[in-house]
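Each chain, letter by letter, is given below.
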Amino acid sequence: LLDSFNTADTAEAVRLVHFFALMYAVVGIQQLITITLQTALATRVAAAQARRCREKYFAAVLSRPISWFDQSDQGAVGASVLESTLAIQDGLGEKLTTALQGVFAFVFGLAVSLYYAWSLALGSVGAL
C-alpha cells in the first residue's frame, strides 16, 4: 500500500489513490450495513428476552399466596420488574454488540499485525 505511491509515474500513482479511496468507501458502506443490521437484530432479541423475563416473573408473582400481596407494596413490585428487565434489555442489546465488535476488532487487528509485522506487533503488545 505505501510503496504503491512511490512510483515515478504520476498517472499510476493517481490511479492507485483512486482505487484505494474506492476500496475504503466500499468497506465503509459494508460496515454501515453490517453494524446497522447487527444492532437492530440484537435489540430485537433483547426485547424478546426481556418480554420472556417479564412473563415468567408475572407467572411467579401469580403463584404467590395472597398474604404476600398484602405485605408488599404493589408499585414497588412493578417498578422492580420493569427496572430489572430494562437492565437485561440494555445489556443484551446495543452494549453487547458494541463490546463484541471491539473484542473482534482487537483480535483481528492483532492477528493481521502479527502476520505482517510481527516484531512491531510484539513490541506494541509488550507495551500494553
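Above: the structure in question.
Throughout, a residue's number is its position along its own chain's written sequence, starting from 1. Restriction of local features to residues with pLDDT of at least 70 applies here, the model being predicted, together with a cutoff of 80 or more for giving and counting side-chain atom pairs; totals for whole chains, interfaces and linings are based on all residues. Here the side-chain values reflect all heavy atoms present in the structure, with hydrogen atoms and water set aside.

(A) Representation of the overall build of the chain in the model. Each helix and strand in the chain was counted, giving 4 helices and 0 strands. Secondary structure elements are defined from DSSP: runs of H or I of at least 4 residues count as helices, runs of E of at least 2 residues count as strands, and each element is numbered from the N terminus. The order of α-helices and β-strands along the chain, N terminus first, is α-α-α-α. Taking 128 residues into account, the globule formula puts the C-alpha radius of gyration at 14 Å, and the chain, at 26 Å, lies well above it. Here the C-alpha coordinates of the chain stretch approximately 90 × 35 × 20 Å along the principal axes. Of all 128 residues assigned to the chain, the portion counted as buried reaches 10%. Per element, the accessible surface of the chain, about 10,000 Å² overall, is 70% carbon and sulfur. Only four residue types enter the tally: Lys and Arg on the positive side, Asp and Glu on the negative side; His and the chain ends are excluded. Where a charge lies is defined by one atom per residue type, namely NZ (Lys), CZ (Arg), CG (Asp) and CD (Glu). The averaged location of the 9 negative side-chain charges in the chain is 12 Å from the averaged location of its 8 positive side-chain charges. The size measure is the radius of gyration over C-alpha atoms, and the globule rule it meets is 2.2 Å times the number of residues to the 0.38 power. Buried, partly exposed and exposed residues are distinguished by accessible area as a fraction of the type maximum, computed with a 1.4 Å probe on protein chains only: under 20%, between the cut-offs, and over 50%, respectively. Shrake-Rupley sampling with a 1.4 Å probe provides the accessible areas, and residues are treated as covered by the protein chains on show and by no other component.

(B) Layout of the packing of helix α3 (residues 74–116) against helix α4 (residues 118–127). One can describe the packing of α3 onto α4 by two numbers: an axis separation of 5 Å at closest approach and a directional angle of 135 degrees. With respect to each other, α3 and α4 are oriented oblique. Where α3 approaches α4, its residues L110, S113, L114 and Y116 are matched on the opposing element by W118, A121, L122 and V125. For this classification, Asp, Glu, Lys and Arg are treated as charged, while Ala, Val, Leu, Ile, Met, Phe, Trp, Tyr, Cys and Pro are nonpolar and the rest, including Gly, are polar. Grouping the constituent residues of the contact of α3 with α4 by class yields 7 nonpolar, 1 polar and no charged. Each axis is a line fitted through C-alpha atoms, and for a helix only the stretch in contact is used; angles between axes span 0 to 180 degrees, taken between their N-to-C directions. The cut-offs work like this: below 35 degrees is roughly parallel, past 145 is roughly antiparallel, 65 to 115 is roughly perpendicular, and the gaps in between are oblique. Should any heavy atoms of two residues lie within 4.5 Å, those residues are considered in contact.

(C) A look at helix α1 (residues 10–62). What a helix should span is 1.5 Å times the count of its residues minus one. Relative to the 78 Å expected for 53 residues at 1.5 Å per residue, α1 spans 78 Å between its end C-alpha atoms, a close match to the ideal helical length. For α1, the full list of buried residues reads A13, L16, A42, A46, A50 and V61. Contacts from the buried residues of α1 go to α2 (66–71) and α3.

Worth remembering: the numbers are spatial, not functional.
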